[in-house]
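As a plain string of letters, each chain reads:
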Amino acid sequence: QVQLVESGGGLVQAGGSLRLSCAASGRAFGNYGAGWFRQAPGKEREFVSSITGSSDSTKYADSVKGRFTISRDNAKNTVYLQMNSLKPEDTAVYYCAVRRIGISSYRYWGQGTQVTVSS
């Protein structure tokens, strides 16, 4: 069982930055791939970014490429999402999730953190 707690959300003006954190419980965190997802009001949840357990590979949605950076610190059991040049359309609840290496679906999810970008 893995428990995830996101933090770092808030209200920011367009063009600003936020850094989200996702702290995980448990051991062997490096055995889990991690991802960030978001859900805006009235919209489906969408993929934002992912990172492998060893940080050797990352992926980004086209809408955030060049603006967001995912990283992780396995010693701290934490995944980060650095968000720069934020736009009003980035407004959403952001969720982190993890999956064991070799498993295709994300099994463990956090409760989400609200990010609001004002114009």
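Owing to the predicted nature of the structure, the values given are computational and were not obtained by experimental measurement.

**Q** Quick question: what am I supposed to make of the side chain of S49 here?
**A** Tracing the sequence through the fold places S49 in strand β5 (residues 46-51). At 2.8 Å, the side chain of S49 forms a polar contact with the backbone oxygen of K59. Apart from residues no more than four positions distant in its own chain, S49 is found in contact with A34, G35, W36, K59, Y60, I70 and L81.

**Q** So what exactly am I meant to see when it comes to the side chain of E6 here?
**A** Its location among the elements puts E6 in strand β1 (residues 4-7). Although E6 is buried, it forms no salt bridge, and the closest oppositely charged side chain is R45 at an N-O distance of 8.8 Å. Here C96 takes part through its backbone nitrogen, which lies 2.8 Å from a polar atom of the side chain of E6. Engagement of the side chain of E6 in a polar contact is seen with the backbone nitrogen of G112, the distance being 2.8 Å. If we skip the residues at most four places from it in the chain, E6 touches S21, C22, W36, Y94, Y95, C96, G110, Q111, G112 and T113.

**Q** Any chance you could explain the pairing of strand β4 (residues 32-39) here in plain terms?
**A** Consecutive residues of a regular strand have side chains that alternate between opposite faces of the sheet. Counting buried positions along β4 yields seven of eight residues, so the element is predominantly enclosed. Both β4 and strand β9 (residues 92-100) contribute to a ladder of eight bridges, which runs antiparallel. The partner of G35 across the bridge, within β9, is A97. With five bridges connecting them, β4 and β5 associate as antiparallel partners. The partner of W36 across the bridge, within β5, is S49. Count of turn residues in the β4/β5 antiparallel hairpin: six residues, of which G42 carries a positive phi of about 75°.

About the cut-offs
Residues numbered from 1 in each chain as written. Predicted model: local features only at pLDDT ≥ 70, side-chain atom pairs only at ≥ 80, totals over all residues. Heavy atoms only, no water. Helix = DSSP H or I, 4+ residues; strand = E, 2+ residues; numbered from the N terminus. Polar contact = N/O pair within 3.5 Å; in protein donor to acceptor, adjacent residues only side chain to side chain. Contact = heavy atoms within 4.5 Å. Buried < 20%, exposed > 50% of the residue type's maximum accessible area, 1.4 Å probe, protein only. Lys, Arg positive; Asp, Glu negative; His and termini not counted. Salt bridge = Lys/Arg side-chain N within 4 Å of Asp/Glu carboxyl O. Pairing = 2+ DSSP bridges.

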